[in-house]
Amino acid sequence: MYDVIVIGSGPAGISASIYLKRAQKNVCIITDGNSALKKTNKIENYYGVEPISGEELYNIGIKQAKNLEIPIEKDEVTNISFEKNFIVRTVNSEYEARYVIIATGTNRAAPKVKGIKEFEGKGISYCAICDGFFYKDKNVAVVGSGNYAIHEAEILKLITNSVTILTNGQKMIENRAASDFEVDETPIREFRGDNVIKEVEFENNSTREIDGVFIAIGTASSVDLARKIGAVIKGNNIVTNENMQTTVRGLYACGDCTGGLLQVNKAVYEGAIAALDIIKNINLS
Ligand SMILES: Cc1cc2nc3c(=O)[nH]c(=O)nc-3n(C[C@H](O)[C@H](O)[C@H](O)COP(=O)(O)OP(=O)(O)OC[C@H]3O[C@@H](n4cnc5c(N)ncnc54)[C@H](O)[C@@H]3O)c2cc1C
């Protein structure tokens, strides 16, 4: 078991991990290896660093963590839950920790399909564990094509009558778990209904009746992860107090996922604040 699991290896996650490790805490980083930094051609507004590519800055952060012998697990987190401790579930494993820091950056836009915004809360959901129960014995779809979509489909399979994965024109990831589900790769034109969602229409003019749709594109975003464990979110951001604690005890969030200034400076600062608060709490316990 770890003292702290940090999800994310961008500026926020690495900063938090460095403080934790230097305070002798047993910390592990889990990351799928991406970062907003990797989309950045040049950073020239970070104190003390001459113009540098985002990728280079990211790699320096990883090297810093490795130099301190902080374990970095390359994996995709699909869920965080709490039993006696936090359980962080990934595609390949499960980890236990007393504290968790979400430093997973800000998430991408939902797919631009007509009807998604309109039917949010009326059949369109972003969380199987939160809303799956409302679709007991109904026919639902998961929109996505990766491990996260499969994770959501697996939860829904236990509750609903049927689960179809709609990839919206993407190629479905190839693995054994995916073969448990009907997968439709046809591009989606629109979700339709009256008060609630009723059907999906595809670009080839075919339709499919559906009672509920769960959006699970790409990897689980910070908001997806926070929502599943019951932390309060506001818009696209995780709500925290001044110590970067979320509304769930022991769960912290820092960096782009908390909103505000989406810059390296702020991510590094918030990572440090989260780590220092956890260090204080562990030392007091
Ligand atoms: C085009 C562009 C230009 C920019 N230019 C600047 C600039 O000039 N100056 C500046 O200061 N900032 C700039 N930024 C912003 C800066 O890159 C971000 O503010 C910063 O990277 C945020 O750090 P973070 O650690 O919060 O998130 P990120 O750097 O995005 O890191 C998120 C981490 O979480 C991991 N992760 C996410 N989901 C999962 C999951 N489910 N499982 C496992 N791991 C996961 C990712 O792999 C990644 O390691 C720019 C951003 C962009 C997109």
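Nothing here was measured: the structure is a model prediction, and the numbers come from that model.

1. Section: the overall build of the chain
From N to C terminus, the chain includes six helices and 17 strands. Since a compact globule built from 285 residues should have a radius of gyration of about 19 Å, the 20 Å found for the chain is in line with a globular shape. Dimensions of the chain along its principal axes, counting C-alpha atoms only, are 55 × 45 × 35 Å. In the chain, of all internal contacts separated by at least 6 residues, the share reaching a separation of at least 24 is 59%.

2. A look at the pairing of strand β9 (residues 162-166)
The pairing of strand β8 (residues 139-143) with β9 spans five bridges and is classified as parallel. Across the sheet, V143 pairs through a bridge with L166, a residue of β9. Handedness of the β-α-β unit built from β8, helix α4 (residues 147-157) and β9 comes out right-handed. Across three bridges, the pairing between β9 and strand β10 (residues 182-184) is parallel. Bridge assignment links T164 to a residue of β10, and that residue is E182.

3. Quick look at helix α6 (residues 264-284)
Taking 1.5 Å of rise per residue, 21 residues should cover 30 Å, and α6 covers 30 Å from first to last C-alpha, within 8% of that figure. Of the residues making up α6, those classed as buried are V264, A267, V268, E270, G271, I273, A274, A275 and I278. On its buried side, α6 packs onto β1 (2-7), α1 (11-22), β6 (94-102) and β17 (251-253).

4. Quick notes on the site of the ligand
Residues in close proximity to the ligand total 34 residues, the closest being G8, G10, A12, G105 and G255. Residue assignment for the shell around the ligand shows that the elements contributing at least two residues are α1, β2 (27-31) and α6. Within the shell around the ligand, the residues separate by chemical class into 14 nonpolar, 16 polar and four charged.

5. Comments concerning the domain arrangement of the chain
Examined at the domain level, the chain breaks down into domain 1 (2-107 + 221-284) and domain 2 (124-215). Inter-centroid distance (C-alpha atoms) of domain 1 to domain 2 is 30 Å. For the side of domain 1 that touches domain 2, the secondary-structure elements that each account for two or more residues are β4 (77-82) and α5 (222-228). For the side of domain 1 that touches domain 2, the element with the highest residue contribution is α5, accounting for three residues. By residue class, the composition of the side of domain 1 that touches domain 2 is one nonpolar, two polar and four charged.

6. What about α1?
Here α1 contains 12 residues, and its C-alpha end-to-end distance of 17 Å stays within 8% of the 16 Å for a straight helix at 1.5 Å per residue. Most of α1 sits inside the fold, with nine of its 12 residues counted as buried. Every buried residue of α1 is accounted for by P11, A12, G13, I14, S15, A16, S17, I18 and L20. Looking at the packing, one finds that the buried side of α1 touches β1, β2, α2 (54-67), β6 and α6. Looking at the residues trailing α1, positive phi occurs at Q24, about 65°.

7. Description of the sheet that holds β8
Spatially, the five strands line up as an open sheet ordered β7-β14-β8-β9-β10, and their pairing is parallel. On the outer flanks of this sheet lie β7 (124-125) and β10, each paired with one strand and no other.

8. Comments concerning the packing of α1 against α2
Interaxial distance between α1 and α2 falls to 10 Å at its minimum, and their mutual angle equals 20°. In this view, α1 runs roughly parallel relative to α2, as classed from their interaxial angle. Remark: the crossing between α1 and α2 carries left-handed chirality. Taking contact as the criterion, the partners of P11, I14, S17 and I18 in α1 are, on α2, G61, Q64 and A65. Of the residues that constitute the contact of α1 with α2, the class distribution is four nonpolar, three polar and no charged.

Parameters at a glance
- Here, residues in each chain are numbered from 1, in the same order as that chain's written sequence.
- For this predicted model, a pLDDT threshold of at least 70 governs which residues receive local features, and a threshold of 80 or more governs which side-chain atom pairs are given and counted, while totals over whole chains, interfaces and linings are taken from all residues.
- By the criteria applied, helices consist of DSSP H or I runs no shorter than four residues and strands consist of E runs no shorter than two, each listed in order from the N terminus.
- Throughout, the radius of gyration refers to the C-alpha atoms, and the reference size of a globule is 2.2 Å times the residue count to the power 0.38.
- Think of it this way: build a C-beta for each residue from its backbone, and any pair within 7 Å is a contact.
- Note: two strands are recorded as paired if DSSP finds a minimum of 2 bridges between them.
- Seen with the strands pointing away from the viewer, any crossover whose path from the first strand over the helix to the second strand runs clockwise is right-handed.
- A helix is expected to span 1.5 Å multiplied by its residue count minus one.
- Three classes are used. A residue is buried when 20 or more other C-beta atoms lie within 10 Å of its own, exposed when 12 or fewer do, and partly exposed in between, with C-beta atoms placed from the backbone.
- Whether a residue is near a molecule or strand depends on its C-beta atom, generated from backbone atoms, being within 6 Å of that molecule or strand.
- Gly falls in the polar group here, along with every residue not listed as nonpolar (Ala, Val, Leu, Ile, Met, Phe, Trp, Tyr, Cys, Pro) or charged (Asp, Glu, Lys, Arg).
- All the domain ranges listed were derived from an automatic or database domain assignment.
- Note on geometry: axes are lines fitted to C-alpha atoms, helical ones only across the stretch in contact, with angles between N-to-C directions running from 0 to 180 degrees.
- Every angle not falling under 35 degrees, over 145, or within 65 to 115 is termed oblique; those three ranges are roughly parallel, roughly antiparallel and roughly perpendicular.
- Each crossing gets its hand from how the near helix is turned against the far one by less than a right angle, where anticlockwise is left-handed and clockwise is right-handed.

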